[in-house]
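# Working through the structure, step by step
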Amino acid sequence: NAKVDVLLHEQSADIAQGVEEALGASTSYTGVSMRLRQYAPLGHRLVFAQRIAVQQTDGPVPLFDLATMQTVSGQAEALGGSGSVRGVAKNRFVGKGVAFYNHELRYRLSDFMLMGKSAYSVVSAFVDAGRVWDDRIRADELLRDLHAGYGGGLRLGLGPSFLVAFDIGRSSESTQIYIGHGYPY
């Protein structure tokens, strides 16, 4: 009697940011970001994971802040790099409006013992895409002029919380290799 969990797990985080010159910043500007994540089990070992992220900033935003998105846990990559559109070079595209999505299939390949602890491996395949706008996000342009990347990865887990990540992403401009920890979402 194997139990199959068919529920979608959703998680959303909305962030509002205000930067004030009166409080010591070099300029004043505002920003709002939103992320939605969903995970759908497609069997005992297969999961479909997806994420949508958008951010809109207004005012004279410094260039270094255009390359980041605000999250609950701090700043993250806006467009490009291991945390957003894999295969696109980090900070290659920046703007006041940012939107991207990720789709990933994750397959738990094996469970085994390593150094006396339970371990496991996960392989994945992904497609990511997104774009930026100089000033404002335009809904009618959300699916045009996208910067896309695709690829695959391997995760090696040791115990309940340690996960080493290896990903390779390809875009029309480059191939990027990422080594880190955990999942990008």
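Here, every reference points to the structure presented above.
This report concerns the structure included in the present document. Please read all numbers here as calculations on a predicted model, not as lab measurements. (Residues numbered from 1 in each chain as written. Predicted model: local features only at pLDDT ≥ 70, side-chain atom pairs only at ≥ 80, totals over all residues. Heavy atoms only, no water.)

Take the environment of Ser84 next. On the secondary structure map, Ser84 appears in the loop between strand S5 (74-77) and strand S6 (97-114). Assessed through its relative accessible area of 1%, Ser84 is described here as buried. When the C-alpha positions of Ser84 and Arg45 are compared, they lie 24 Å apart, and in sequence the two are 39 residues distant. Apart from the residues within four sequence positions on either side, Ser84 is in contact with Arg51, Glu77, Ala78, Leu79, Phe100, Asn102 and Asp128. In this structure the side chain of Ser84 is engaged in a polar contact, spanning 2.8 Å, whose partner is the backbone nitrogen of Gly80. (Helix = DSSP H or I, 4+ residues; strand = E, 2+ residues; numbered from the N terminus. Buried < 20%, exposed > 50% of the residue type's maximum accessible area, 1.4 Å probe, protein only. Contact = heavy atoms within 4.5 Å. Polar contact = N/O pair within 3.5 Å; in protein donor to acceptor, adjacent residues only side chain to side chain.)

The alternating pattern of strand S9 (residues 162-171) places Leu163, Ala165, Asp167, Gly169 and Ser171 on a buried face and Phe162, Val164, Phe166, Ile168 and Arg170 on a face that is not buried. For strand S8 (residues 147-158) and S9, the ladder comprises 10 bridges, and the chain directions are antiparallel. Residue pairing for S9: Gly152 is matched across the bridge by Ile168. Between S8 and S9, which follow one another and run antiparallel, lie three residues, and Gly159 among them has a positive phi close to 70 degrees. In terms of strand pairing, S9 meets strand S10 (residues 175-181) through seven bridges, oriented antiparallel. By the bridge assignment, Arg170 is partnered in S10 with Thr175. Hairpin connection of S9 to S10: three residues between the antiparallel strands. (Pairing = 2+ DSSP bridges.)

What follows deals with a nonpolar patch on the surface. Taken together, the side chains of Tyr107, Leu109, Phe112, Leu114, Met115, Val123, Leu154, Leu156, Phe166, Ile168, Ile177 and Ile179 present a nonpolar region at the surface, about 1100 Å² in accessible area. Looking at the secondary structure, you find Leu114 in strand S6. (Patch = residues over 30% accessible without salt bridge, like charges linked within 9 Å, V, L, I, M, F, W, Y side chains within 5 Å. Areas by Shrake-Rupley, 256 points an atom, 1.4 Å probe, with all protein chains shown as cover. Salt bridge = Lys/Arg side-chain N within 4 Å of Asp/Glu carboxyl O.)

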